Amino acid sequence: MKLLRVGPVGQERPVVLDAAGDLRDIGEPEIDGAFFASGGVARVRDALEGGRLPLFEGEGLRVGTPVARPGKIVCIGLNYRDHAAESGAQEPEEPVVFMKAPNTVVGPDDEVLVPRGSVKTDWEVELAVVIGKQARYLDSREAALDAIAGYTISNDVSEREFQLERGGQWDKGKSCETFNPMGPWLVTADEVGDPQDLALRLWINGELRQDGNTKNMIFDVAEIVRYLSQFMVLEPGDVVNTGTPAGVALGLPGQPYLRAGDVMELEIAGLGRQRQTVGQA
């Protein structure tokens, strides 16, 4: 099942994409933490299968982020072997964890802004995990997978100078406005199947830059969620960005960082596609 939110910024309506490719009004106020915690996914699935969801009227509407107001965005750094190598870093023995401000989230085709003073804004296609139930001190991989509502695409946009050269933690280079396009859909975990066999790709101005697969993660999805639950409580509606494969500007010859007018296109098999034009803050 594919859940999404459509409409102008701040006026998005939650809908589901049915098997025929039509949008159906799910009759829920939002797709957020309360929706997941109250069994919203099961309710929508039951209503969809029972033919009780009316067609949603509207064409050409903007697609917003599939999860409204995530409580937190937790990110895993250096989680693909090839990306760790291109970054000049050793493979971590435990997941590298950092946080990203929730208000970085924008729709999958919304404009991404290069921050003022930035010369090293970079791209990162990532599999994003959406938490569906509270995860606290999980004791098994099975419990971790059971806590996942579904998956979507994140572009973990990053400013490398702010992140790596300005002291302190990575968050400064990760939390600039518009730095987490997400969507287009939240695809429920049952439809995705094995999250460790998904192709990820990203193009800049039509040129393929990233071409990876989640099977090459150092720490897989189940271990990431289990691990994080030992250090923080993951709540319904939280998002976990699971890392990016090689091919970011930081690791490319000449380091071709983003400039206003560039176009990013990215996709993950079964999860849809994003397209962002880069602007200037």
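Read on for an overview of the structure. All figures in this text were calculated on a predicted structure; none of them were measured in a lab.

**Points about the side chain of K174**
Considering the arrangement of structural elements, one finds K174 in the loop between α5 (160-164) and β12 (180-181). Here E124 takes part through its side chain, which lies 3.4 Å from a polar atom of the side chain of K174. At 2.7 Å, the side chain of K174 forms a polar contact with the side chain of S158. Contact partners of K174, with chain neighbours within four places excluded, come to F98, K100, T104, E124, D156, V157, S158, R160, Q163 and F179.

**Regarding the environment of Q134**
Within the fold, Q134 resides in the loop between β9 (125-131) and α4 (141-146). By relative accessible area, which is 45% here, Q134 ends up partly exposed. Separated by 99 residues in the primary sequence, Q134 and V233 place their C-alpha atoms 7.0 Å from one another. Excluding residues within four positions of it along the chain, Q134 makes contact with V233, L234, E235 and P236. Among the polar contacts made by the side chain of Q134, one reaches the side chain of E235 at a distance of 3.4 Å.

**A closer look at the sheet that holds strand β15 (residues 207-213)**
Across the sheet, which stays open at both edges, the five strands sit in the order β7-β18-β17-β14-β15 with mixed pairing between neighbours. Both outer strands of the open sheet, β7 (112-114) and β15, are each paired with one neighbouring strand and no more. The average angle at which neighbouring strand axes cross in this sheet is 20 degrees, direction not considered. As paired elements, β7 and strand β18 (residues 272-280) share three bridges and run parallel to each other. Each residue of the ladder has a partner; that of V114, found in β18, is Q280.

**Re the environment of P115**
Structurally, P115 is set in the loop between β7 and β8 (121-122). Here P115 is in contact with T121, E159, F162, C176, F179, Q280 and A281, once residues within four sequence places are set aside.

**Looking at the pairing of β9**
For β9, a buried count of seven out of seven residues is recorded, marking the element as mostly surrounded by other parts of the structure. Residue alternation in β9 divides its side chains into two sets, V125, L127, V129 and I131 and E126, A128 and V130, and both sets are buried. Both β9 and strand β10 (residues 148-155) contribute to a ladder of seven bridges, which runs antiparallel. Paired with L127 across the bridge in β10 is I153. Across three bridges, β9 lies against strand β16 (residues 239-241) in antiparallel orientation. Note on β16: the bridge partner recorded for A128 is N241.

**Brief notes about helix α2 (residues 40-49)**
When we look at burial in α2, the residues that qualify are G40, V41, V44 and A47. Projected down its long axis, α2 shows its buried positions confined to an angular sector of 135 degrees, all on one face. Buried residues belonging to α2 abut β1 (2-6), β2 (13-17), α1 (33-37) and β13 (186-188). Phi turns positive one or two residues past the end of α2, at G51, with a value near 70 degrees.

**Notes on helix α7 (residues 221-228)**
Counted residue by residue, α7 has seven buried out of eight residues, so it is predominantly covered. Every buried residue of α7 is accounted for by V221, A222, E223, I224, V225, Y227 and L228. Close packing links the buried residues of α7 with β4 (73-77), β5 (96-100), β9, α4, β10 and β16.

**Looking at the sheet that holds β16**
If you trace the nine strands from one edge of the open sheet to the other, you get β3-β2-β1-β13-β10-β9-β16-β4-β5, paired in mixed fashion. Pairing within the sheet leaves two strands with one partner each, and these edge strands are β3 (23-25) and β5. Strand-to-strand twist of the sheet, defined as the mean angle between neighbouring strand axes without regard to direction, takes the value 30 degrees. With respect to the sheet, α7 is in contact with β4, β5, β9, β10 and β16, its orientation differing from that of β9 by roughly 55 degrees.

Rules and cut-offs
- Residues numbered from 1 in each chain as written.
- Predicted model: local features only at pLDDT ≥ 70, side-chain atom pairs only at ≥ 80, totals over all residues.
- Heavy atoms only, no water.
- Helix = DSSP H or I, 4+ residues; strand = E, 2+ residues; numbered from the N terminus.
- Polar contact = N/O pair within 3.5 Å; in protein donor to acceptor, adjacent residues only side chain to side chain.
- Contact = heavy atoms within 4.5 Å.
- Buried < 20%, exposed > 50% of the residue type's maximum accessible area, 1.4 Å probe, protein only.
- Pairing = 2+ DSSP bridges.
- Axes fitted to C-alpha atoms, helices over the stretch in contact; angles between N-to-C directions.
- Arc of directions from axis to C-beta.

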